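Working through the structure, step by step
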Amino acid sequence: MAKAVNSGAGTLRVLVVDDSAFMRRIITDLLQSDEGIEVVGTARDGLEAVEKNLSLQPDVITLDVEMPRLDGYGALREIMARRPTPVVMVSSLTREGAQATIRALALGAVDFVTKPSGTISLDMHLVRDELVAKVKAAARATPRYRRVLGDLPARKQGLKPFRPQARGTPEEMPRQVVVIGCSTGGPSALHEIVPRLPADLPAGVLVVQHMPAGFTRSLARRLDEISGIAVKEAEEGDPVTAGMVLVAPGGYHMTVDNRGRIRLDQGPPLHGVRPAVDRTLSSVVSVWKDRTIGVILTGMGYDGARGCRELKQAGGRTIAEDATTCVVYGMPRVVVEMGLADMVLPVHHIAAALVRLVREG
């Protein structure tokens with residue numbers, strides 16, 4: 001698979017794609033306000049984006065979601081199939097925009113930036129630092145086109161076994177709990193793992209993906225649509241139950257109490273993020289102890305390492321994603337280098353390993 005083409009030296013070359021001439025100019029100005037970035041071209045729609053990716057060979061592409069002729073989703077498929085290039089989606093906070101962004105991330109977009117909900121001309125400067133930082137980070141990522149379950153149409157809901165509403169349901173605490181943590185590149189990795197978990201998995205699963213509010217709900221809905229196992233965004237008081245995946249809502253740390261129920265809080269970010277994998281792992285280990293399995297997937301930084309250390313001290317088991325399939329080999333690398341990983345696996349082998357560990361335990 002092609003590597004990101006910019007090694008961090010010299011000027012970063014960016015292609016800006018948006019159907020609005022006004023937005024193209026604003027994004028260009030914001031990016032070029034950083035001396036390390038040069039916008040080498042712009043495109044008005046997905047078809048032009050595909051052509052200019054081949055002719056200009058940029059290091060990173062910023063890609064709008066809703067465009068004529070070929071939308072961002074279709075353009076991403078072509079870009080990743082013909083010349084894999086790190087892509088940062090620029091999306092709206094609408095429900096439709098969030099759903100399209102999740103599908104794009106599942107196919108291989110590295111990250112996304114949300115357009116402000118107010119007056120664009122006045123508010124776009126508010127996302128300048130985020131846009132610049134994510135474009136620079138994307139240049140260090142490995143673009144990966146996912147031809148997997150995340151690209152399948154929604155599975156018929158009739159195939160999913162009936163489950164009562166989680167909130168307030170008196171369920172027996174599962175014997176084991178799996179905590180999956182991820183950041184940049186996480187949605188595509190989750191689309192590789194969650195749909196391969198059986199509906200009758202005899203363990204609860206908690207997912208912590210670094211992502212803002214609104215998008216985690218779309219992520220959970222999309223995973224639920226294509227999976228046999230049930231998936232939902234976690235709510236305060238939800239019980240952790242076998243055969244259910246609960247996704248931490250953006251903007252909230254997710255922990256569990258001693259009765260195995262979800263607790264959400266907006267305490268200070270940890271490692272600069274909220275939700276934080278460490279908060280969830282530490283909490284789960286305090287309840288399930290050696291019956292906890294931790295999985296650390298692709299992402300920048302070191303969130304999850306402290307929780308994995310607590311998990312190992314309690315006798316639990318950990319899986320780290322192998323560098324060969326990570327979009328960003330950061331979070332798993334720290335776990336591996338600290339000697340905390342029982343298994344180091346490519347992402348497409350993790351679901352099978354999880355099922356085996358759970359059923360053996």
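The rules behind these values
Residues numbered from 1 in each chain as written. Predicted model: local features only at pLDDT ≥ 70, side-chain atom pairs only at ≥ 80, totals over all residues. Heavy atoms only, no water. Helix = DSSP H or I, 4+ residues; strand = E, 2+ residues; numbered from the N terminus. Expected span 1.5 Å × (residues − 1). Buried < 20%, exposed > 50% of the residue type's maximum accessible area, 1.4 Å probe, protein only. Contact = heavy atoms within 4.5 Å. Phe/Tyr/Trp six-rings, centres within 6.5 Å; stacked < 30°, edge-to-face > 60°. Lys NZ or Arg CZ within 6 Å of the ring centre and 35° of its normal. Pairing = 2+ DSSP bridges. Axes fitted to C-alpha atoms, helices over the stretch in contact; angles between N-to-C directions. pLDDT = per-residue confidence, 0-100. Salt bridge = Lys/Arg side-chain N within 4 Å of Asp/Glu carboxyl O.

**As for unusual backbone geometry**
If a residue is not glycine, its phi is most likely negative; likewise, a peptide bond is most likely trans. Following Arg274, the chain continues into Pro275 via a peptide bond in cis, with omega recorded as 15 degrees. Looking at the element boundaries, Pro275 is found in the loop between β11 (262-265) and α9 (277-288). Positive phi, close to 50 degrees, is recorded for Gln57, a residue that is not glycine. Position of Gln57 relative to the elements: it lies in the loop between α2 (46-56) and β3 (60-64).

**Some details on helix α1 (residues 21-32)**
Its twelve residues give α1 an end-to-end C-alpha distance of 16 Å, which sits within 8% of 16 Å, the value for a rise of 1.5 Å per residue. For α1, every residue scored as buried is listed here: Met23, Arg24, Ile26, Ile27, Thr28, Leu30 and Leu31.

**Re the side chain of Asp34**
As for its position among the elements, Asp34 is in the loop between α1 and β2 (37-43). Taking relative accessible area as the criterion, Asp34 reaches 14% and is therefore assigned buried. Not counting chain neighbours up to four residues away, the residues in contact with Asp34 comprise Arg128, Val132 and Lys136.

**Points about the packing of aromatic side chains**
The full count for this structure, using the stated rule, is one aromatic pair. Taking 4.4 Å as the distance between ring centres and 45 degrees as the angle between the ring planes, the aromatic pair formed by Phe112 and Phe215 counts as tilted. Residue Phe112 is located in strand β5 (residues 111-114), and its partner Phe215 is located in helix α8 (residues 215-225); the two are separated by 103 residues in the primary sequence. On the accessibility criterion, Phe112 (4% relative accessible area) is buried. On the accessibility criterion, Phe215 (1% relative accessible area) is buried. A cation over an aromatic ring shows up here: Lys134 above the ring of Phe112, its NZ or CZ 5.3 Å from the ring centre.

**Comments concerning helix α4 (residues 95-107)**
For α4, spanning 13 residues, the distance from its first C-alpha to its last is 19 Å, which sits close to the expected 18 Å at 1.5 Å a residue. Every buried residue belonging to α4 is among Gly97, Ala98, Thr101, Ile102, Ala104, Leu105, Ala106 and Leu107, and all of these are buried. The inward-facing, buried residues of α4 abut α3 (72-82), β4 (87-91), β5, α7 (186-193) and α8. Just past α4, the residue Gly108 takes up positive phi, approximately 135 degrees.

**Examining the sheet that holds β5**
The strand order β2-β1-β3-β4-β5 describes an open sheet built from five strands, whose pairing is parallel. Edge positions in the sheet fall to β2 and β5, since each has one partner strand and no second. On average, each strand axis in the sheet is tilted by 25 degrees relative to the strand beside it, whichever way the strands run. Here strand β1 (residues 12-17) pairs with β3 via four bridges, running parallel. Across the sheet, the residue bridging to Leu15 is Ile61, located in β3. Strands in contact with α3 are β3 and β4; relative to β3, the strand with the most contacts, it is inclined by about 155 degrees.

**Some thoughts on the sheet that holds strand β8 (residues 230-233)**
The sheet built from seven strands is open, its strands ordered β8-β9-β7-β6-β12-β13-β14 with parallel pairing. Among the strands making up the open sheet, the edge pair consists of β8 and β14 (343-345). Across the sheet, the mean angle from the axis of one strand to that of its neighbour is 20 degrees, orientation sign disregarded. In this sheet, strand β13 (residues 317-321) lies alongside strand β12 (residues 292-296) in parallel orientation, the contact comprising four bridges. Bridging from a neighbouring strand, Ile296 pairs with Ala320 of β13.

**Here's the deal with the confidence of the model for the protein chain**
The predicted coordinates of low-pLDDT regions are not to be read in fine detail. For the protein chain, the mean per-residue pLDDT works out to 88, and 88% of the residues sit at or above 70. Counting contacts from residues 1-8, a segment whose pLDDT is below 50, to residues more than four positions away or on other chains yields 23 contacts.

**What to know about the pattern of salt bridges**
Following the criterion strictly, the structure yields 20 salt bridges and no others. We note a salt bridge from Arg217 to Glu233, for which the minimum N-O separation is 2.9 Å. Remark: Glu233 occurs in strand β8 and Arg217 occurs in helix α8; sequence separation between them is 16 residues. Classification of Arg217 as partly exposed rests on a relative accessible area of 42%. Judged by its relative accessible area of 12%, Glu233 is buried. Put simply, Arg263 and Asp257 hold a salt bridge, and the shortest N to O gap is 2.9 Å. Residue Arg263 is classed as partly exposed on the basis of its relative accessible area of 27%. Note on Asp257: relative accessible area 14%, which makes it buried. Linked through salt bridges whose partners overlap, the residues forming this network are Glu236, Asp257, Arg259 and Arg263.

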